[in-house]
Protein chains: 2
Amino acid sequence: MGDVIEPRQVAENLKELWSPRIIAEVDDSFVKVAKIKGEFPWHSHEMEDELFMVLDGEMSIELEDSRVKLTTGDLYVVPKGTAHRPSAAEECLILLFEKKSTRHTGDIVQENTRSVEQQRVQE
Amino acid sequence: MGDVIEPRQVAENLKELWSPRIIAEVDDSFVKVAKIKGEFPWHSHEMEDELFMVLDGEMSIELEDSRVKLTTGDLYVVPKGTAHRPSAAEECLILLFEKKSTRHTGDIVQENTRSVEQQRVQE
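All values derive from a computational prediction rather than experimental measurement.

Conventions we followed
Residues numbered from 1 in each chain as written. Chains lettered and ligands numbered in written order. Predicted model: local features only at pLDDT ≥ 70, side-chain atom pairs only at ≥ 80, totals over all residues. Heavy atoms only, no water. Helix = DSSP H or I, 4+ residues; strand = E, 2+ residues; numbered from the N terminus. Buried < 20%, exposed > 50% of the residue type's maximum accessible area, 1.4 Å probe, protein only. Areas by Shrake-Rupley, 256 points an atom, 1.4 Å probe, with all protein chains shown as cover. pLDDT = per-residue confidence, 0-100. Least-squares fit on C-alpha atoms with pLDDT ≥ 70 in both. Contact = heavy atoms within 4.5 Å. Buried area = accessible area lost by both parts, 1.4 Å probe. Salt bridge = Lys/Arg side-chain N within 4 Å of Asp/Glu carboxyl O. Polar contact = N/O pair within 3.5 Å; in protein donor to acceptor, adjacent residues only side chain to side chain. Nonpolar A, V, L, I, M, F, W, Y, C, P; charged D, E, K, R; others polar. Pairing = 2+ DSSP bridges.

Digging into the overall build of chain A
Here is step 1: Within chain A, the regular secondary structure consists of two helices and seven strands.
Here is step 2: When the elements of chain A are put in sequence order from the N terminus, they spell out α-β-β-β-β-β-β-β-α.
Here is step 3: A buried classification covers 54% of the 123 residues belonging to chain A.
Here is step 4: Put simply, chain A shows about 5800 Å² of open surface, and 47% of that area lies on carbon and sulfur atoms.

Rendered as structure tokens:
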């Protein structure tokens, strides 16, 4: 059997910003946590929806023609194929739920793209 | 675009115990919330893992040879094929993440089995 996980605590302990950590698997999906601050690049995932849930703090998700604001406890699903740019003015802890096939920077590999192996690494 | 969802608030407003409400879809999975108190029957899902996350309160999940206790913010994944019995001494609000194909009472249809359509109904 697996362990009980404290997502907020795992996210709190992350040292690197915008570097998701896999905390659980549910069939063909990963549950991840991340610590974010500042702006992430615009990206989209052509094939997969992406769920954001704020564990502690406030974040925004800019979409092509709108912007959503999330505070602690809020949940939002970015539909597949939708360009989005997450950002947070202050440090914010989030939980992500997405298919194992989802690359967190979307369809473009860039400097801060982390492989699944890197996301599994324990600090 | 979808709306920002407040899972804890939706769960709080539920009138019926052990009756999951679908709050979002992520590809072929549902995010659900439920208000629970007392014991749910033993069941298992042969083909699907099931994620539990406590939004507010305390719950236990009895497994074949162990028992896990979850408090607010904790997350646990019951692996597919594992018999489990969720319970809560006091009212507890939870979030569930599972494949759309998962029947919440497992492989046996029983009195408190709710169809997907019932789980979508707005109160």
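Regarding the confidence of the model for chain A
Residues and elements named next belong to chain A.
Here is step 1: Mean pLDDT over chain A stands at 90; residues scoring 70 or higher make up 89%.
Here is step 2: For chain A, the element scoring lowest by mean pLDDT is helix α2 (residues 116–120), at 71; helix α1 (residues 7–13) scores highest, at 98.
Here is step 3: Under the prediction, the complex receives an ipTM of 0.86, its pTM being 0.88.

Thoughts on the relation of the copies chain A and chain B
Here is step 1: Of the transformation superimposing chain A on chain B, the axial component is 0.0 Å and the angular component is 180 degrees, with the fit at an RMSD of 0.0 Å. Overall, the copies show the geometry of a two-fold rotation axis.

Re the interface of chain A and chain B
Here is step 1: Each side of the interface is counted separately: chain A has 36 residues, and chain B has 36 residues.
Here is step 2: Summed over both partners, the interface of chain A with chain B buries about 2500 Å², with 66% contributed by carbon and sulfur atoms.
Here is step 3: Viewed at the interface, chain B and chain A are joined by four salt bridges.
Here is step 4: Scanning the region where chain A abuts chain B turns up eight residue pairs in polar contact (both at pLDDT 80 or more).
Here is step 5: Residue assignment for the side of chain A that touches chain B shows that the elements contributing at least two residues are β1 (21–26), β3 (50–56), β5 (67–71), β6 (75–78) and β7 (84–99) of chain A.
Here is step 6: A total of four residues in the side of chain A that touches chain B trace back to one element, the largest contributor, which is β1 of chain A.
Here is step 7: Residue composition of the side of chain A that touches chain B, grouped by class: 21 nonpolar, four polar and eleven charged.

Things to note about the environment of Ile36 of chain B
All names here are of chain B.
Here is step 1: By the element assignment, Ile36 lies in strand β2 (residues 29–39).
Here is step 2: In sequence terms Ile36 and Pro79 are 43 residues apart; their C-alpha atoms lie 21 Å from each other.
Here is step 3: Discounting residues that sit within four places of it in the chain, Ile36 has contacts with Leu17, Trp18, Met59, Ala88, Glu90, Glu91, Cys92 and Ile94.

Examining the pairing of strand β3 (residues 50–56) of chain B
Residue and element names in this part refer to chain B.
Here is step 1: Summarising burial for β3: six of the seven residues are buried, a large majority.
Here is step 2: As paired elements, β3 and strand β6 (residues 75–78) share four bridges and run antiparallel to each other. Bridge assignment links Phe52 to a residue of β6, and that residue is Tyr76.
Here is step 3: Relative to strand β7 (residues 84–99), β3 runs antiparallel, the two sharing five bridges. Across the sheet, residue Val54 finds its bridge partner in β7, namely Ile94.

What to know about the side chain of His43 of chain B
Residues and elements named next belong to chain B.
Here is step 1: Mapped onto the fold, His43 is located in the loop between β2 and β3.
Here is step 2: On the basis of relative accessible area, His43 is assigned to the buried category, the value being 6%.
Here is step 3: Within the structure, His43 has its side chain in polar contact with the backbone oxygen of Pro41 (distance 3.1 Å).

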